[in-house]
Amino acid sequence: MIQFSTAFSGAFATHPSLTLTPDGHVSASGIQDQDAGTTNLHQAINEGMDNTDGDTTYLVNSANAGGHVWVTLSDTPSDFAEMLTFKIQVRARKA
Ligand SMILES: [Ca+2]
């Protein structure tokens, strides 16, 4: 699970902080979901830190192998201007 927390300056008065979770899949290499799927990987990591589904859905890579997954965070407020800070929270375990 990856949870993205952001703060926006343009909308700082109304959005001092905002939590975004992945809402779209862009690309991936060397990463699969719990069912060996390689599409819509954002769906395995979109619960947020407070709503984790435990070990039900997750992403995995092969041991000692590199990889990446690109996801979108498009659920920003309509008055989004710019981001001041960006914090990524990751829940992980070693198999
Ligand atoms: Ca999950």
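For the structure, check the block above.
Note that the coordinates shown come from a computational prediction; the quantities given were computed from them, not determined experimentally. (Residues numbered from 1 in each chain as written. Predicted model: local features only at pLDDT ≥ 70, side-chain atom pairs only at ≥ 80, totals over all residues.)

## Comments concerning unusual backbone geometry
Line of reasoning, step 1. Of note, Ala36 is a non-glycine position whose phi angle comes to about 65 degrees, a positive value.
Line of reasoning, step 2. Locating Ala36 in the fold gives a position in the loop between β4 (31-33) and β5 (59-61).
Line of reasoning, step 3. Taking the C-beta count within 10 Å as the criterion, Ala36 has 7 such neighbours and is therefore assigned exposed.
Line of reasoning, step 4. One non-glycine residue, Asn64, adopts positive backbone phi at about 60 degrees.
Line of reasoning, step 5. Secondary-structure assignment places Asn64 in the loop between β5 and β6 (68-72).
Line of reasoning, step 6. Classification of Asn64 as exposed rests on a count of 5 C-beta atoms within 10 Å. (Helix = DSSP H or I, 4+ residues; strand = E, 2+ residues; numbered from the N terminus. Buried ≥ 20, exposed ≤ 12 C-beta atoms within 10 Å, placed from the backbone.)

## Comments concerning the environment of Arg93
Line of reasoning, step 1. Assignment of secondary structure puts Arg93 in the segment after β7 (83-90).
Line of reasoning, step 2. Using a count of 6 C-beta atoms within 10 Å as the deciding quantity, one classes Arg93 as exposed.
Line of reasoning, step 3. Separated by 33 residues in sequence, Arg93 and Val60 have C-alpha atoms that sit 9.9 Å apart.

## What to know about the environment of Gln89
Line of reasoning, step 1. As for its position among the elements, Gln89 is in strand β7.
Line of reasoning, step 2. Taking the C-alpha atoms as reference, Gln89 lies 7.6 Å from Met49; in sequence the two are 40 residues apart.

## So, the nonpolar core
Line of reasoning, step 1. If you look at the biggest cluster of nonpolar residues, it comprises 7 residues: Ala28, Leu41, Ala44, Ile45, Leu59, Val69 and Val71.
Line of reasoning, step 2. If near-sequence neighbours (up to four positions away) are discounted, Leu59 is found in contact with Ile31, Asp33, Leu41, Ala44, Ile45 and Val69. (Core = buried A, V, L, I, M, F, W, Y, C linked by C-beta atoms within 7 Å. Contact = placed C-beta atoms within 7 Å.)

## Here we look at the environment of Val60
Line of reasoning, step 1. With respect to the helices and strands, Val60 occurs in strand β5.
Line of reasoning, step 2. Sequence separation of Val60 and Lys94 is 34 residues, and the distance between their C-alpha atoms is 9.9 Å.

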